[in-house]
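If you want the building blocks of each chain, they are given just below.
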Amino acid sequence: MKKKYSITSLIQNSLSDNENWGKMWRSPNPKKHYDVVIVGGGGHGLGTAYYLAKHHGVKNIAVIEKGWLGSGNTGRNTTIIRSNYLWDESAHLYDHAVKLWENLSEDLNYNMMFSQRGVLNLAHNEHDIKEIKRRVSANRLNGLDTMWLDKKEIKDLVPIMNTDNLRYPVLGAAYQPRGGVARHDAVAWGYAMRADELGVDIIQNCEVKGIKTDNYKVEGVETTKGFIKSSKIGVVASGHTSVLAATAGVRLPLQSRPLQALVSEPIKPVINTVVMSNAVHAYVSQSDKGELVIGAGTDGYNSFTQRGGYDVIEETVRAIVELYPIFGKMKMLRQWGGIVDICPDASPIISKCDVEGLYFNCGWGTGGFKATPGSANVFAHTIAKDEPHKINAPFALSRFSDGRLIDEHGAAAVAH
Amino acid sequence: MILIKCPYCGERDQSEFENGGEAHVIRPKNPESLSDKDWGEYVFYRNNPKGIFYERWVHSHGCKKWFNAVRNTSTDQILKVYKVNEKRPDLSEFQNTLKSPSGEPSVGSGNFAVKK
């Protein structure tokens, strides 16, 4: 039954002490056969199932998740959303996502807490200025709302920032007002709930152990709850995608690394935008609870340990304290790591492969959250039609043999 | 945060080292006769196992020498360190602690150092 959230449902449920909200989705036992199986119950996977059911009329879909929904990178990122990428292909893909974000709460009737508070990318030296101004121009040619801000304008936006008295002074910034943050759990839950209403089976706590193929054609997935037959399988397992691909005999150009984030104790509102800096590697925003949400860099080696090294956080916190001396005595509450799959050109792979019926949506590296709705939307198209949408066609696996790389290393406004 | 035993300097913090990716990748002898796909494989594709991984490290803030290591990427436990001119140890020397290809090791993800 369709669950509708409104002011009346809020009042009604508050009268019964919020005890009667009911489950947001079913937890069915897996069937023997599905038309499409999505491996990975994060935002990208659940969104894919939702768009497959809603736009492409696929009825019999399962999403299989090893842990609980959003327990991977969907719940581990710093929730930043922007589309100010240098290359046309990336700008189209990420802005497709931003446009979907703008209506997602309404589309799913579930509050994404999407807040377009703007994203700043700081320039700290002459090279940064040139690189960022070039990117601002490229963005504007692609119809994006990015603009160049000088030091005074930055100070007006973020008064607590120390722009002068530091080793790498702040000289200017790119600013995208349509960028911002959203609540990452809500993305998984919203998609899950509406996909479930459209008949998608969401199977949690069920690990896919391998993908079974026969003569370059998929047959199904071997899971901890038995074998599930399917002729189309979409793998959206972030850090573990290459591990799963290997069970089907497919090799992907991915390397899995821990990426860390941390949050501080909650404080009163001090920063009402998202500030990112590539050169000193620090990004920060403030959550609605008042915590500073801080993103660190990746560790320098492959690992699946979901924790990461202390020296990486130290480097980030050092830069944060220099940029915002006011945070010098704050305490950090939590730190965690997620396993990101990084492509050689720091752009994702949304593609078919040599095995018929096997599709990959991976390689999002350090920046997949912002793309969730766009990625899910074009991946659903790719699976349903067995050919890519024009937005994700450049993100094919074949670019690693024909050389059409989309090199967003450094060009993407943050270091990968 | 892991400790790495440099074969020349002894045990040091990982932050003194830089990782050089997969070890034992051999440059094709006949690049001109390779197809684009095969050349792409050599340039862009590296193994990325969850479990036993052969990799290169350089002690960049120390002796600056390269060496190889075998590490379990699911626990970060370093199983063996050997010099570049030493023979690649066989996979059968090491015990893979993973319950399934994408599963967690028996001691829990990344908690090897604390949960021994």
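Everything below is about the structure shown above.
Residues numbered from 1 in each chain as written. Chains lettered and ligands numbered in written order. Predicted model: local features only at pLDDT ≥ 70, side-chain atom pairs only at ≥ 80, totals over all residues. Heavy atoms only, no water.

(A) Up close: the sheet that holds strand β3 (residues 18-22) of chain B. Residues and elements named next belong to chain B. With antiparallel pairing, the 4 strands of this open sheet are ordered in space as β3-β4-β5-β6. Taken across any chain shown, the strands that pair with only one partner, and hence form the sheet edges, are β3 and β6 (77-82). Going from strand to strand, the sheet's axes swing by 35° on average, the running direction of each strand aside. When strand β4 (residues 52-58) meets strand β5 (residues 66-72), the two strands line up antiparallel, connected through 7 bridges. Bridge assignment links Tyr54 to a residue of β5, and that residue is Val70. (Pairing = 2+ DSSP bridges. Helix = DSSP H or I, 4+ residues; strand = E, 2+ residues; numbered from the N terminus. Axes fitted to C-alpha atoms, helices over the stretch in contact; angles between N-to-C directions.)

(B) Looking closely at the nonpolar core. Residues and elements named next belong to chain A. One finds Ile61, Trp101 and Met112 to be the most contacted residues of the largest nonpolar core, which totals 49 residues. Of all elements in the fold, only β1 (33-39), α2 (43-55), β2 (61-64), α3 (88-108), α6 (184-197) and α9 (372-385) reach the threshold of two or more residues within this core. Contacts of Trp101, omitting those with residues within four sequence positions, involve Ile81, Met112, Phe114, Ala182, Val187, Phe369, Lys370, Thr372 and Pro373. Membership of the second largest hydrophobic core comes to 32 residues, among which are Val218, Val235, Ala237 and Val250. (Core = buried A, V, L, I, M, F, W, Y, C linked by side-chain atoms within 4.5 Å. Buried < 20%, exposed > 50% of the residue type's maximum accessible area, 1.4 Å probe, protein only. Contact = heavy atoms within 4.5 Å.)

(C) Spatial organisation of the interface of chain B and chain A. At the junction of the two partners, chain B supplies 33 residues and chain A supplies 33 residues. Taking both sides of the interface into account, the surface hidden between chain B and chain A amounts to around 2,700 Å²; carbon and sulfur atoms contribute 49%. Of the charged contacts in the structure, one is a salt bridge between A:Asp354 and B:Lys37, with a shortest N-O distance of 3.7 Å. Taken together, chain B and chain A are joined by 13 residue pairs in polar contact (both at pLDDT 80 or more). Considering every element that reaches the side of chain B that touches chain A, the biggest residue donor is helix α1 (residues 36-44) of chain B, with 5 residues. Class assignment for the residues of the side of chain B that touches chain A results in 9 nonpolar, 15 polar and 9 charged. (Buried area = accessible area lost by both parts, 1.4 Å probe. Salt bridge = Lys/Arg side-chain N within 4 Å of Asp/Glu carboxyl O. Polar contact = N/O pair within 3.5 Å; in protein donor to acceptor, adjacent residues only side chain to side chain. Nonpolar A, V, L, I, M, F, W, Y, C, P; charged D, E, K, R; others polar.)

(D) The packing of α3(A) against α9(A), seen in detail. Residue and element names in this part refer to chain A. With their axes 6 Å apart at the nearest point, α3 and α9 run at an angle of 110° to one another. By the criterion of interaxial angle, the relationship of α3 to α9 is roughly perpendicular. Packed against α3, whose contacting residues are Leu93, His96, Ala97, Leu100, Trp101 and Leu104, the element α9 presents Thr372, Pro373, Gly374, Asn377 and Val378 at the interface. Taken together, the residues of the contact of α3 with α9 break down into 7 nonpolar, 4 polar and no charged. (Parallel < 35°, antiparallel > 145°, perpendicular 65-115°, else oblique.)

(E) View of the sheet that holds strand β14 (residues 282-286) of chain A. All names here are of chain A. If you walk across this open sheet you meet the 8 strands as β5-β6-β4-β13-β14-β15-β12-β16, and the pairing is mixed. The open sheet is flanked by β5 (147-149) and β16 (332-342), the only strands paired with a single partner. Each strand of the sheet is rotated relative to its neighbour by a mean of 25°, with strand direction disregarded. The pairing of β14 with strand β15 (residues 292-298) spans 4 bridges and is antiparallel. Residue Tyr283 lies in a different strand from β15, and its bridge partner there is Gly295.

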